[in-house]
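Each chain, written out:
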Amino acid sequence: MSWGKIFGLYTGAFVLFTVLLAVLEYLGAIPNRAIAYTYLVVTIGVYALIGVLSRTARPDQYYVAGRGVPAFFNGMATGADWMSAASFISMAGALYATGYDGLAYVSGWTGGYVLLAIYLAPYLRKFGAYTIPDFLALRYGGNAARVVGLLMAIGASFTYLIAQITGVGIIMGRFLGMDFNVGAFVGLAGILVCSMLGGMRAVTWTQVAQYIILILAYITPVAVLSYRHFGIPLPEFTYGQVLQDITRIELQEGVTKLWVDMAPGGMLNWFALCFCMMVGTAGLPHILMRYYTTPSVKEARSSVGWSLFFIFLLYFTAPAYGAFARWTVLTDLIGKKVTELPAWVFRWGDTILGKETNHLGLFDIVDKNGDGTLQLTDFVIKSTDFVVLATPEIAGLPFVITGLVMAGGLAAALSTADGLLLTISNSLSHDLYYKIINPSASIVKRLTTARILLVVAAVAGAYVATFRINIIVAVVAYAFALAGSGFFPALVMGIFWKRANKQGAIAGMVAGFLTALILIVLGRNWNIYILGVREIGAGVFGVPVGFLVIWAVSLMYPPPDQQTQDLVEEVRYPRGTTMKLEGIE
Amino acid sequence: MASFRDIDRSKREGYWRETSNFTWLILVLWFVSWVGPLVLHRWLNQIVIFGFPLSFWFAGQGSLAIFIVLIVWYAIKMNKLDRKYGVAEEV
């Protein structure tokens, strides 16, 4: 059976399963919490099954899925790898709150794929390494570049991983009332069953399964909302009307900064943020690694297109999501009598008119001036995550769809966590253990080490997540600035400029990374900004510094040897052999 | 082991020249597609089509669609260049 047929059947079965639960709910045969638990058990069970079926004892399967993933499915897997808990749960809410200013994320998290397509993916595929530090070591002559790459890859991936596990814990808490620590370790188990036995091969096919669930879960509620109001289930095209209404109401209410407009003087920061997210996308090792898995250079090129297409489906919908939510709050809530509050408010709100109902930490409703009517300021938002969580009920959908959203959020967090975990453990086992510590290790020993390190990294991630360190969520946003400034210049120069040498690359990686890091520390702690660019956009300085330093320092030292220059030339042409790595394939 | 030296030198140079030029072209179009609507934001947002202020629409949806078109165009054109200069992968 072809992959297309298998995943077609899988999608059909999942839809059928959701319909079946909906019927049971309609008949009153199944309580809400049981629906949520059913989703949890069934989806994680499916991921585990894929993980077990994809087990492997071959290094090329474990590290790069045998380089046999077709462009289309690698695109789906990249989509799930890429879209994290933040994209799924938080982005629409961020747009609800910020409007135009938040769109920097939407453009930024998609535009990076153009850079990936033209500068990196096809060339990295031709190069044919196992990890990003691997590429750096082969191109820049030795383990010094490998170690710098290794440290940056692990630093960026580990903070990102902790944020995903935190996301799982929060989702479990909000939908199942589970204790955060228990939720985090359930999430950990969910990640391990997918990746431990089959490495990249298992993670790839699990991510495809996770993508299908997350995209169905994301689009369904807002499509129904659109259908209900405009008779067309395509919110991406109908929300123009909604935007007009929002602007009209905002003008009535005397709002000065319209939702569809940029904050005054915000242009430079918008540019910096968007640029940073783009270059960061093209510099994050867990994404770059995915393009090692396609069968050919040609497939790598089209795979970037598929990746962006599948990511696009979600991001293209996100502005509509934010707009519909804002519209609902402005029309269904504001101006209403406090005696006529809609039902979703009681399900998701914490304190409604002085009465405690939940502890989800999403919003309160008060009546500040006591006139019995809700004003905009009477809706006190604590976390804009309420947008994605409450939309199914705002749309009047049964609880089954809320359960589906939970499954989607989990899929988004788990799939990203899988990719990150594999990046960390592969860097440690391949680059540190095999390439530096014990180059004579047997295949069995190397794979055993890889699996042990995978478990260790996962447990460490879950353990750190249980401390709920607030700074970590902020650090994830900085990972883009750091990864972009540290990796992107060295990778691009390594492919496009023969003259770039070891000294230049190491100096450039360190300089780019440190520039971003210093600006982040200065901005975060002392509000010191260059040209008023906030720390989250620090990559706008780090990236050029990285390029300049590689250029200048490379020219101060002799060019790389003939063998390396031949390597750079070889990578340009799709024809010919992939660089074999000491007979492991 | 096959090597790039098996490919005719003039073909290699021609291929890389066209590849570089095309890569620059895509880079410029990419830059314009998201920086353009940003810089012209005040002016473009006055234009409303089907309810969408244009700058908002580009930043949230239009630029994204252009990104996809650029990547697809790049893949198609590069496959053609591979064949034109005889550097395509043997399958």
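Residues numbered from 1 in each chain as written. Chains lettered and ligands numbered in written order. Predicted model: local features only at pLDDT ≥ 70, side-chain atom pairs only at ≥ 80, totals over all residues.

## Section: the overall build of chain B
Short version of the rule: In this description a helix means any DSSP run of H or I spanning at least four residues, a strand means any run of E spanning at least two, and both kinds are numbered starting from the N terminus. The globule rule is 2.2 Å times the number of residues to the power 0.38, and the radius of gyration it is compared with is taken over C-alpha atoms.
The helix and strand tally for chain B stands at three helices and two strands. Scanning chain B from its N terminus toward the C terminus, one meets helices and strands in the order α-α-β-β-α. Scaling as 2.2 N^0.38, a compact globule of 91 residues should have a C-alpha radius of gyration of about 12 Å, whereas chain B reaches 19 Å, well beyond that. Structurally, chain B occupies a C-alpha span of about 60 × 25 × 20 Å along its principal axes.

## Describing the overall build of chain A
Note the threshold: Note on burial: count the other C-beta atoms lying within 10 Å of the residue's C-beta; 20 or more is buried, 12 or fewer is exposed, in between is partly exposed, and C-beta positions come from the backbone. With C-beta atoms placed from the backbone, a contact is any residue pair whose C-beta atoms sit within 7 Å.
Of the regular secondary structure elements, chain A holds 23 helices and four strands. In terms of C-alpha radius of gyration, chain A reaches 24 Å, essentially the compact-globule figure of 25 Å for 585 residues. For chain A, the proportion of its 585 residues judged to be buried stands at 58%. Taking all contacts inside chain A whose residues are at least 6 apart in sequence as the whole, residues at least 24 apart take part in 80%.

## Topic: the interface of chain A and chain B
Condition: Think of it as three bins: nonpolar holds Ala, Val, Leu, Ile, Met, Phe, Trp, Tyr, Cys and Pro, charged holds Asp, Glu, Lys and Arg, and polar takes everything else, Gly as well.
In this complex, chain A contributes 43 residues to the contact, which on the side of chain B involves 41 residues. By residue number, the principal contributor to the side of chain A that touches chain B is helix 14 (residues 297-315) of chain A, which donates 10 residues. By residue class, the composition of the side of chain A that touches chain B is 24 nonpolar, 11 polar and eight charged.

## Here's the deal with the environment of P558 of chain A
Locating P558 of chain A in the fold gives a position in the loop between helix 22 (539-556) and helix 23 (562-572). Once the C-alpha coordinates of P558 of chain A and N501 of chain A are considered, the two residues, 57 residues apart in sequence, prove to be 7.8 Å apart.

## Observations regarding the environment of G408 of chain A
All names here are of chain A. Tracing the sequence through the fold places G408 in helix 18 (residues 399-437). Taking the number of C-beta atoms within 10 Å as the measure of exposure, G408 has 29 and is therefore buried. Each C-alpha atom of the pair G408 and I89 lies 9.1 Å from the other, and the pair is 319 residues apart in sequence. G408 has contacts with F88, I213, L214, A217 and Y218, leaving out every residue within four places of it along the chain.

## Looking at the environment of T391 of chain A
All names here are of chain A. The topology assignment puts T391 in helix 17 (residues 386-394). Residues T391 and L555, 164 residues apart in the sequence, show an inter-C-alpha distance of 57 Å. Those residues in contact with T391, other than ones at most four positions away along the chain, are P221, V222, L225 and A325.

## Things to note about helix 4 (residues 71-82) of chain A
Residues and elements named next belong to chain A. How we decide: Multiplying one less than the number of residues by 1.5 Å gives the expected span of a helix.
The first and last C-alpha atoms of helix 4 sit 16 Å apart over 12 residues, in line with the 16 Å expected at 1.5 Å per residue. If you check which residues of helix 4 are buried, you get A71, F72, F73, N74, G75, M76, A77, T78, G79, A80, D81 and W82. Where helix 4 is buried, its residues meet helix 1 (3-26), helix 10 (199-230), helix 13 (285-288), helix 14 and helix 18.

## Remarks on the packing of helix 1 (residues 9-39) of chain B against helix 3 (residues 54-84) of chain B
Residues and elements named next belong to chain B. The criterion, for reference: In this analysis, axes come from line fits to C-alpha atoms, helices being fitted only over the stretch in contact, and the angle between any two N-to-C directions falls in the range 0 to 180 degrees. The labels follow the angle: roughly parallel below 35 degrees, roughly antiparallel above 145, roughly perpendicular from 65 to 115, and oblique for the rest.
Closest axis-to-axis distance for the helix 1/helix 3 pair is 9 Å, and the angle between their directions is 175°. Viewed along their axes, helix 1 and helix 3 adopt a mutual orientation that is roughly antiparallel. Contact with helix 1, carried on its side by Y15, E18, T19, F22, I26, L29, W30, S33, W34, P37 and L38, involves S55, F58, A59, S63, I66, L70, Y74, K77 and L81 of helix 3 and no other residues of that element. Partitioning the contact of helix 1 with helix 3 into residue classes produces 14 nonpolar, four polar and two charged.

## Overview of unusual backbone geometry
The phi dihedral of R67 of chain A falls on the positive side, at around 50°, and the residue is not glycine. Here R67 of chain A shows up in the loop between helix 3 (59-64) and helix 4. Not every positive phi belongs to a glycine, and F50 of chain B is a case in point at roughly 50°. With respect to the element layout, F50 of chain B can be found in the loop between strand 1 (48-49) and strand 2 (52-53).

## Remarks on the confidence of the model for chain B
To keep it simple, the criterion reads: Per-residue confidence from the prediction method is given by pLDDT, with values spanning 0 to 100.
Summary statistics for chain B give a mean pLDDT of 91 and a share of 97% for residues scoring 70 or more. Both confidence scores are given for the complex: pTM 0.92, ipTM 0.95.

## Regarding the packing of helix 17 of chain A against helix 18 of chain A
Residues and elements named next belong to chain A. Basically, it comes down to this: Crossing handedness is read from the near helix: turned anticlockwise from the far helix by less than a right angle, it gives a left-handed crossing, and turned clockwise, a right-handed one.
Packing of helix 17 against helix 18 leaves a shortest axis separation of 8 Å and a crossing angle of 160°. Comparing their axes, helix 18 and helix 17 come out roughly antiparallel. Remark: the crossing between helix 17 and helix 18 carries right-handed chirality. From helix 17, V388, L389, P392 and E393 reach across to helix 18, where they touch I401, T402 and V405. A per-class count over the contact of helix 17 with helix 18 returns five nonpolar, one polar and one charged.

## Focus on the nonpolar core
Keep this limit in mind: The term nonpolar core refers to a set of buried Ala, Val, Leu, Ile, Met, Phe, Trp, Tyr and Cys residues connected through C-beta atoms within 7 Å.
In this structure, L214, C276, F324 and L421 of chain A together with I71 of chain B are the most contacted members of the largest nonpolar core, which totals 227 residues. Per-element accounting of this core gives the leading share, 18 residues, to helix 8 (residues 143-176) of chain A.

## Some words on the confidence of the model for chain A
Residues and elements named next belong to chain A. In this model, chain A carries an average pLDDT of 88, and 98% of its residues clear a pLDDT of 70 or more. Here helix 9 (residues 180-195) is the element of chain A with the lowest mean pLDDT, 84, and helix 22 is the one with the highest, 95. Every residue in residues 580-585 scores below 50 in pLDDT, and together they form six contacts with partners more than four places removed in sequence or on other chains.

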